[in-house]
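Topology and contacts: notes
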Amino acid sequence: MKNIIFFTALVLVSFKSLAQHIPNNRVLDITELSEYLNEDTKQKLQRDSKVISSETLAAYFREQFSNGFFYNWENNDARFEEYAALYEEKDAHITRALDHQNKYKANTVWQLPFNYKNGEAVDVYALRHLARQHKMVDVAMQYYYTGKDTLKVNYFKEQLKSLNTALTNNKVETIESGNGIYEVFRSGYRILNWLQIHNLYLGSEAYSDEDQLLTIATLLQHASDLYETNDTFQAGNHQTRGMSALAMLSILFNDFKDADAWRERALDLLEQHLNKEINKDGFQFERSVHYHMSDIENYFYVYQLAQNNNVKLSANFENKLRNLFSTLVKVAYPDKSAPVFSDDTDTPWAESNDISGTLTLGYLLFEDPEMGYFAKSNVSSKIYWFLKKEQLDKLKTIKSTKPSFGSLQLPETGYYVMRGGWDKNDAMLVISAGLDAEKPDHQHGDMLGLQIFANEKVILPNYQVRYSLEDLELFKNSQVKNVALVDTLLQGVDYKSNKGGSGFGKFGSLPQPETLLFDSTDSLDVYIGKHSGFEENGVEYSRQVLFIDTDFWIVKDNFSSANTHNYKQVWQGHYTLEEAPQLLRSSFDNGSGLDIYQLQEVDTVSLNGKRGKEWAIPKVSDRTNFSFVTAVVPFKTYLDRIDETSSKLNIKDWSVVCTPTEKAGIKTIQLNRGNKSYFFNVINTTVSNLKFNFNEPADVLIEKGLRDITIRSLSTKEISFTYQDSDSNKAAVMKTLKMGASIKIEMKK
């Protein structure tokens, strides 16, 4: 099977377009707004007069916002006072606000090329963030922190007008350039931010009736444009963000003639995104915690406004939203953070994700005590402004229950969790073995990659990234993952930066994974899988991962080829090499650590690194077939480590025996404890007078009972073997075992 090659292809689902009244190529004059009201609202506001004044219309929408927005703007002062007391965000808000104001004029330009106020050129990355207007929210916060400095209101008004003027004059960056100002994601993001700002400035003397109506007219033009340019389904979070914004505008401004058409379009497309992009296992299809949580926000805004305004959503919408939250619980580490998956970008180089804010929100929406286990006394500073007081008050008495999830699989997404428990010192491993067929743009070269948490630490990490950093390609590919590789090959192939040049890039080809087995019992979790990453070079590859007694792992990487190659593993972390190449060791500030021990001898180990990160690379050279058999052993204290000074090798309380085979450099490895023995590359062995002979090297678990022996296959394919009682003249019995299967053999009394 060859690597899958990705082509940009959109799934197109057409809607029958309903004619709009509000234009998308210009912003209505505020004197025109009343013409586009629906008849009921028009009659209500006209009363005895045929003319609806700006004063009347602005007052009406202020009243609508006081009841229908996320919170009542009349409480802005009290809200801000509470916000300032709860969150230490003043310096961050002011820093970002000043950054924006120092870079861009109020009447800024919206088409490249142009310069910052200091004369330096604006690049595409900066333009995209200008288009989002997220730092304009910081300017609004600065307005309150500085005692309501009206210059901040004026700055917002002028920048909004500058975009409208640029639209009129066709001086905005277009979609075709890759940096479109009205691209669906950027428009959606801008709408969300401008709605918040609009609500924050309502009541300000500097924000007149005319100013308020101009903002509304601008938002209506944005809604019209989103409707006009989104008549078909387009996979990915960009359209989801835009349709979330269109749905919000349709709810908040349902007094306008086009609102029903906007709402129908937005909710239809959002339902399609929910059904196509939230996998059956509950994870967002782009396989990233960042984009998973971003989609939660997109759906939350609509869900919250719909509840506030008595707009009925489907049961599917609510169920899918709830599952998005509970899936985060399923993959969470025991310290309540989450692993790093693919394009997680919130905190570059971080080795976990903070999911507490998202699950605090989930608790407020659904009052699930397992979400409450992760909840904090406050929601995130961003979400604070989108919740009602009665919702926030629920955090005064959080109902919390430790999650019940153990080891589990998310098979559609391709994440496999081996969990020892939920206590702070418990161990957990997650395997990445999925590839989205429609839009793998955010995926990394980490097929069958591992991450491990134990003893309050991420001990085998993956790293968050940032699109604007020049080494994004390195950090997205397999040299910076916990995977196995061949020669100089990497999993991600044909890397290309995006059209707009913002720094984001994606691979044209990634390996196709196949999970062969995932099984969990109290004493053993087993994962067996393979991928196609090296097949074009004539190498077959598979990986086995065994979690033994929730205590440690055996990782077996299998390579097979007709030609010689160099085979290697990559282990992320800071390791010392005193006992290299057999033993790698890392240790942490709490005295815990990780031992990585090569039970099958390797040739060399080397270290590499960048950005303060480091990785070790055990390697064998010039082999056709080879299997790394690696013990991955967390330890809580140094007394619990693999004792490198002992003449006998023990892993925890398991004794290890390595026996040479007929193949040079290949050993049968046996782990023994009590009545259990794990065998790797076993050809023959004797257990309680039963002689076992395998047709080819096999991996098995043999467990002795009082009157029987149970043998379970841990190999990557079906195995055949014979067994014979050494004290009997009976002929040997032939058996076959499928992957993961077991049989019980009765012994002679």
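Read on for an overview of the structure. (Residues numbered from 1 in each chain as written. Predicted model: local features only at pLDDT ≥ 70, side-chain atom pairs only at ≥ 80, totals over all residues. Heavy atoms only, no water.)

A separate point is the overall build of the protein chain. Helix and strand content of the protein chain: 17 helices and 29 strands. With the principal axes as the frame, the protein chain shows a C-alpha extent of 110 × 50 × 50 Å. Looking at the protein chain as a whole, 58% of its 749 residues are labelled buried. Sequence separation of 24 or more characterises 65% of the internal contacts of the protein chain that already satisfy a separation of 6 or more. With the model as given, the accessible surface of the protein chain reaches about 30600 Å², and the carbon-plus-sulfur share is 45%. (Helix = DSSP H or I, 4+ residues; strand = E, 2+ residues; numbered from the N terminus. Buried < 20%, exposed > 50% of the residue type's maximum accessible area, 1.4 Å probe, protein only. Contact = heavy atoms within 4.5 Å. Areas by Shrake-Rupley, 256 points an atom, 1.4 Å probe, with all protein chains shown as cover.)

The next subject is helix 5 (residues 124-132). For helix 5, every residue scored as buried is listed here: Val 124, Ala 126, Leu 127, Arg 128, Leu 130 and Ala 131. Check the buried side of helix 5 and you find it contacts helix 4 (90-103), helix 7 (150-168) and helix 8 (184-201). Downstream of helix 5 by a residue or two, Gln 133 has a phi angle that is positive, lying close to 65°.

Attention now goes to the nonpolar core. Nonpolar side chains in soluble globular proteins tend to be buried together. Formed by 141 residues in total, the largest nonpolar core has its most connected members in Leu 195, Phe 253 and Phe 256. Of the residues forming this core, the biggest block, 10 residues, is contributed by helix 12 (residues 289-308). Those residues in contact with Phe 253 that lie beyond four places of it in its chain are Phe 61, Phe 65, Leu 195, Ile 216, Leu 219, Leu 220 and Ala 259. Within the second largest apolar cluster, 56 residues are counted, among which are Leu 435, Phe 504, Val 570 and Leu 584. (Core = buried A, V, L, I, M, F, W, Y, C linked by side-chain atoms within 4.5 Å.)

Let us now look at the sheet that holds strand 5 (residues 415-419). One open sheet accounts for 5 strands, arranged 4-5-6-7-8; its pairing is antiparallel. Among the strands making up the open sheet, the edge pair consists of strand 4 (408-410) and strand 8 (457-460). The mean inter-strand angle of the sheet, taken between neighbouring strand axes irrespective of direction, is 20°. Pairing of strand 7 (residues 449-454) with strand 8 involves 3 bridges; the strand directions are antiparallel. Its bridge partner lying in strand 8, Ala 454 is registered against Lys 457. Along the sheet, helix 13 (residues 315-331) makes contact with strand 4, strand 5 and strand 6 (428-432), crossing strand 5 at roughly 50°. (Pairing = 2+ DSSP bridges. Axes fitted to C-alpha atoms, helices over the stretch in contact; angles between N-to-C directions.)

Let us now look at the pairing of strand 17 (residues 583-587). The buried fraction of strand 17 is high, at 4 of 5 residues. The pairing of strand 17 with strand 18 (residues 593-598) spans 5 bridges and is antiparallel. For Arg 585, the partnering residue across the bridge sits in strand 18 and is Asp 595. Counted between consecutive antiparallel strands, the loop separating strand 17 from strand 18 contains 5 residues, among which Gly 591 sits at a positive phi close to 90°.

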